[in-house]
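Below, each chain spelled out in residue letters.
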Amino acid sequence: SSPASTLHEVRKDSKKLRYLLEFTDEMLPGHQLKQLLRPVRQLQTILGDHQDCEVQAHELLRFKKARPQEKPLVGRTHMALGVLIDNLNAQKIRERQKFHRHFDKFSGKRIEKEFRAICKKPAS
C-alpha cells in the first residue's frame, strides 16, 4: 500500500547500495559480492519496471483528461487510452507483487549473513 514515490526512493537507495558494493568488491579480495549484487540488481529492475508503469500510466491519463479542452478524442481512441492505462496499472500491481517476493528474499538471513561477513573488521 506504499505510494509509488516510496518505492522510487527504495529504487534510488538500491542503486546507491549497488554502486557501493561494486566499488567495495575491488577493495575486498576474497569476498564474493556477486552473490549480493544479483538480488540488488533484481530489485532495481523490478522497481524500475514499476516506476515506468507509474509514469506512463500517469502521462496517458493526463493526456486523456487534457484533450477535451482542445479537441475531443474519438471514441475508440478514448477507449484505447483507457485500456492502455488499465494494462499499465495491472502490470504495476504485478511488479509490486514481484518486489515483495524479492525483497523478502533480500532481507532474509542468508543475505544478512553475507553482509555481516563483508562488514567485519579485518584482524589486526
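Residues numbered from 1 in each chain as written. Predicted model: local features only at pLDDT ≥ 70, side-chain atom pairs only at ≥ 80, totals over all residues. Heavy atoms only, no water.

Focus on the confidence of the model for the protein chain
And then number 1: With 87% of its residues at a pLDDT of 70 or more, the protein chain has an overall mean of 85.
And then number 2: Mean pLDDT across the secondary structure elements of the protein chain bottoms out at helix H4 (residues 109-119), with 82, and peaks at helix H3 (residues 75-106), with 91. (pLDDT = per-residue confidence, 0-100. Helix = DSSP H or I, 4+ residues; strand = E, 2+ residues; numbered from the N terminus.)

Quick word on helix H1 (residues 4-27)
And then number 1: Taking 1.5 Å of rise per residue, the 24 residues of H1 would be expected to cover 34 Å, and the 35 Å separating its terminal C-alpha atoms lies within 8% of that figure.
And then number 2: Ala4, Leu7, Arg11, Ser14, Leu21 and Thr24 are the residues of H1 that are buried. (Expected span 1.5 Å × (residues − 1). Buried < 20%, exposed > 50% of the residue type's maximum accessible area, 1.4 Å probe, protein only.)

Quick word on the side chain of Arg11
And then number 1: With respect to the secondary-structure elements, Arg11 resides in helix H1.
And then number 2: In this structure Arg11 is buried but unpaired, with Asp52 as the nearest side chain of opposite charge at 5.7 Å.
And then number 3: Residues contacting Arg11, with those up to four places away along its chain left out, are Gln44, Leu47, Gly48 and Gln51. (Lys, Arg positive; Asp, Glu negative; His and termini not counted. Salt bridge = Lys/Arg side-chain N within 4 Å of Asp/Glu carboxyl O. Contact = heavy atoms within 4.5 Å.)

A look at the layout of surface pockets
And then number 1: The volume enclosed by the largest pocket comes to roughly 160 Å³.
And then number 2: What lines the largest pocket is simply Lys34, Gln35, Arg38, Pro39, Gln42, His102, Lys105, Phe106, Arg110 and Ile111.
And then number 3: Put simply, the parts of the chain that give the lining of the largest pocket at least two residues each are helix H2 (34-70), H3 and H4.
And then number 4: Here the lining of the largest pocket takes five residues from H2, the largest share from any one element.
And then number 5: Its residues assigned to classes, the lining of the largest pocket shows three nonpolar, three polar and four charged. (1 Å grid on protein atoms, 1.4 Å probe; cavity = no way out; pocket = protein on both sides within 12 Å on 5 of 7 lines; lining within 4 Å. Points joined across faces, edges and corners; volume = space filled by probe spheres on them. Nonpolar A, V, L, I, M, F, W, Y, C, P; charged D, E, K, R; others polar.)

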